[in-house]
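# Structural characterization, general
So you can see what is in the structure, the chains are spelled out below.
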Amino acid sequence: MKFISYIICLSMLFTACNNRQSSHNHEGCDHDHDHDHGKTEQVQTAHQHHDGEECDGNHDHDHDHQHDAEHKHDDNHECDGNHDHSHDGHNHAATAGGHEHAADEIVIEPEQAKKLGVLSQQVQPGTFSMIIKTSGQVQAAQGDETTVVAPVSGIVSFSRPLSEGASVKKGESLLSISSQNIAEGDPVVKAKLAYETAEKEYRRAVSLVKDTLISQAEFEQAHLNFETTKVTYDALSKSQTGKGTSASSSTGGYIKNRLVNEGEYVTTGQPLLTVSQNQKLYLRADVSEKYYAQLPAVISANFKTPYDNQLYRLEDLKGRLVSFGKSANAASFYIPVVFEFDNVGTFVPGAFVEVYLLTAKTDNVLTLPLGAVIEDQGLYFVFEQISADAYKKQEVKIGDDNGQDVRILSGIHPGDRIVTQGALHVKLASNASSLPEHSHSH
């Protein structure tokens, strides 16, 4: 019994010693958790040992938890602890040749700009003529038109198809007038009979006046009748054809107006055709009364035709100011201003045009071609070239224009390089660069 008690005591003593040894080993395990978070932040990390884990007492768990350590996400994107999602492939500051561009710059490579026809030039002050915008009409100049009239009465028969715009030559027979089936009879035959009768009376009077059988007054009357009928007959006989009496133009040019139709009856002296030489033309501008005080300062004009939308300068057409009205027309309330110019283009007399009357010139003015200015929602913009491959949109205020150039009141300065051609292409490039950009949301 004593022996059994002794064995139990030894077992309890051995168990107690093992417990103290295990406690000592755990105390000797150096869990040095050095959580170095830079100079500003430390993070405590709790480590839990699983059952059966052994520690040798020198187990140094040095966990360097810096916030700029890399964290791997499930989508395999690596980013630092600051979550700076700046991706080089989506850098929104455009670069070209190593040069960074601002967000408001429009980048077009020089080769691409050349293909698009984008041109720029430095703006410098110059002269500019104030303008008066109005409407007008191109007209044939005085003395530049002739009217073909009917030499006799009868039925019209065209020598060839005649239409407005057809060219004619001087002395060319354009149409014939026949009176064969008219009760009045053929005027040529009647003129011939009258001429022959007058000739006989004149020859008889010559012999009678020598013997003083008729008075001198009677002789003069017989002579007058003879000359008159001779002129009439000669005029008609020269233009006589198989179809009747022909009518021709005394000048060359083109048919401006055809006033009769084939088979129509006309009377002697009735207008048949209007032929224009088309060498000189008039530009008539109808100006409102409110500009009357400025009319003496008008020196020239530009005009734009509706059929080709091209601007013409009277200075290039040897134009000159002919006159301007001193009063308004009671029916239209407009004052006419008339210019004459050479017809060196394909102008259509009678066409209505846009007119830009040019007054005295003003010095030290900034101007740009009309195509350089872009309108956007009631505002006006130009594009300034700030580098070889970069442009910037610039708002401007504009003044008058002369149909070719527009006055710039503010927004640009002398020496600025402004796009003068291809501004629309730059605008399209600007719209393309303003599309929503790609971004990552984590």
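Residues numbered from 1 in each chain as written. Predicted model: local features only at pLDDT ≥ 70, side-chain atom pairs only at ≥ 80, totals over all residues. Heavy atoms only, no water.

## What to know about the overall build of the chain
- Assigned secondary structure in the chain consists of five helices and 28 strands.
- The proportion of buried residues among the 442 residues of the chain is 31%.
- Considering only residue pairs separated by 6 or more positions, the chain has 73% of its internal contacts joining residues 24 or more positions apart.
- Within the structure as shown, the chain displays about 27900 Å² of accessible surface, and the carbon and sulfur contribution to it stands at 49%. (Helix = DSSP H or I, 4+ residues; strand = E, 2+ residues; numbered from the N terminus. Buried < 20%, exposed > 50% of the residue type's maximum accessible area, 1.4 Å probe, protein only. Contact = heavy atoms within 4.5 Å. Areas by Shrake-Rupley, 256 points an atom, 1.4 Å probe, with all protein chains shown as cover.)

## Topic: the sheet that holds strand S16 (residues 271–276)
- If you walk across this open sheet you meet the four strands as S8-S16-S14-S10, and the pairing is antiparallel. The open sheet has two free edges, formed respectively by strand S8 (145–149) and strand S10 (167–168), since each of these has just one partner strand.
- Pairing of S10 with strand S14 (residues 253–258), which is carried by two bridges, proceeds in the antiparallel orientation. The residue bridging Ser 167 from the neighbouring strand is Tyr 254, located in S14. (Pairing = 2+ DSSP bridges.)

## Considerations on the side chain of Thr 251
- Structurally, Thr 251 can be placed in the loop between strand S13 (244–248) and S14.
- One polar contact links Thr 251 to Thr 146, side chain to side chain, over a distance of 3.1 Å. (Polar contact = N/O pair within 3.5 Å; in protein donor to acceptor, adjacent residues only side chain to side chain.)

## Quick word on the confidence of the model for the chain
- In this model, the chain carries a mean pLDDT of 76, and residues with pLDDT of at least 70 account for 72%.
- Confidence drops under a pLDDT of 50 for residues 16–98, and excluding neighbours within four residues, the segment shows 82 contacts in the predicted structure.
- The low-confidence segment residues 435–442 (pLDDT under 50) makes nine contacts with residues lying over four places distant or belonging to another chain. (pLDDT = per-residue confidence, 0-100.)

## Some details on the nonpolar core
- Among the nonpolar cores identified, the biggest contains 25 residues, and Val 148, Leu 175, Ile 177, Val 266, Leu 272 and Leu 273 are the most heavily contacted of them.
- Tallying contributions element by element places helix H3 (residues 187–210) first for this core, with four residues.
- Filtering out sequence-adjacent residues up to four positions away, Leu 272 remains in contact with Val 148, Val 149, Ala 150, Leu 175, Ile 177, Ala 247, Asn 257, Arg 258, Leu 259, Val 260 and Val 266. (Core = buried A, V, L, I, M, F, W, Y, C linked by side-chain atoms within 4.5 Å.)

## Things to note about the layout of surface pockets
- Computed from the structure, the second largest pocket encloses a volume of approximately 180 Å³.
- Thr 127, Phe 128, Ser 129, Asn 302, Arg 313, Glu 315, Leu 358, Lys 361, Thr 367, Asn 402 and Asp 405 together form the lining of the second largest pocket.
- Taken together, the elements giving at least two residues each to the lining of the second largest pocket come down to strand S7 (126–140) and strand S22 (352–365).
- The element contributing the most residues to the lining of the second largest pocket is S7, with three residues.
- Each residue belonging to the lining of the second largest pocket can be placed in one class, and the counts come to two nonpolar, five polar and four charged. (1 Å grid on protein atoms, 1.4 Å probe; cavity = no way out; pocket = protein on both sides within 12 Å on 5 of 7 lines; lining within 4 Å. Points joined across faces, edges and corners; volume = space filled by probe spheres on them. Nonpolar A, V, L, I, M, F, W, Y, C, P; charged D, E, K, R; others polar.)

## Remarks on the pattern of salt bridges
- Counted under the stated rule, the structure contains nine salt bridges.
- With a shortest N-O distance of 2.9 Å, Glu 172 and Arg 160 are connected by a salt bridge. One end of the pair, Glu 172, is in the loop between S10 and strand S11 (173–178); the other, Arg 160, is in the loop between strand S9 (154–158) and S10, with 12 residues separating them in the sequence.
- Judged by relative accessible area, Arg 160 falls into the partly exposed class, the value being 28%.
- Salt-bridge contacts for Lys 280 lead to Asp 342; the nearest nitrogen and oxygen are separated by 2.4 Å. Of the two residues, Lys 280 is situated in strand S17 (residues 280–288) and Asp 342 in strand S21 (residues 334–342); the sequence distance between them amounts to 62 residues.
- Judged by its relative accessible area of 32%, Lys 280 falls in the partly exposed class.
- The exposure class assigned to Asp 342 is buried, which follows from its relative accessible area of 14%.
- Via salt bridges that share partners, Arg 313, Glu 315 and Asp 316 belong to a single interconnected network. (Salt bridge = Lys/Arg side-chain N within 4 Å of Asp/Glu carboxyl O.)

## So, the pairing of S8
- Where burial is concerned, the two faces of S8 differ: the one with Thr 146 and Val 148 is buried and the one with Glu 145, Thr 147 and Val 149 is not.
- Pairing between S8 and S16: five bridges, direction antiparallel. Within the sheet, the bridge partner assigned to Thr 146 lies in S16 and is Val 275.

## Some points on the pairing of strand S26 (residues 390–401)
- The sheet contact formed by strand S5 (residues 105–107) and S26 spans three bridges and is antiparallel. In the sheet register, Val 107 faces S26, and the bridge partner there is Ala 390.
- Pairing of strand S25 (residues 379–387) with S26 involves seven bridges; the strand directions are antiparallel. Bridge pairing in S26 links Val 382 to Gln 394.

## What about the sheet that holds S17?
- A sheet is described by the order of its strands in space; here seven strands give the open sequence S19-S18-S22-S7-S17-S21-S20, paired in antiparallel fashion. A single partner strand is all that each edge strand has here, and the edge strands are strand S19 (311–313) and strand S20 (320–324). Ignoring strand direction, the axes of neighbouring strands in this sheet form an average angle of 35°. (Axes fitted to C-alpha atoms, helices over the stretch in contact; angles between N-to-C directions.)

## Topic: the packing of aromatic side chains
- Per the counting criterion, the structure on display carries nine aromatic pairs.
- Centroid distance Phe 303 to Tyr 312: 5.6 Å. Interplanar angle 25°. Geometry classified as stacked. Judged on exposure class, the residue Phe 303 and its partner Tyr 312 are both buried.
- Chaining the aromatic ring pairs together yields one cluster made of Tyr 195, Tyr 202, Phe 219, Phe 226 and Tyr 233.
- In this structure, Lys 393 is placed above the aromatic ring of Phe 381, and the distance from its NZ or CZ to the ring centre is 4.2 Å. (Phe/Tyr/Trp six-rings, centres within 6.5 Å; stacked < 30°, edge-to-face > 60°. Lys NZ or Arg CZ within 6 Å of the ring centre and 35° of its normal.)

## Observations regarding unusual backbone geometry
- Positive phi values are uncommon outside glycine, yet Lys 318 reaches one of about 55°.
- Along the chain, the position of Lys 318 falls in the loop between S19 and S20.
- Even without a glycine there, the phi angle at Gln 377 is positive, about 55°.

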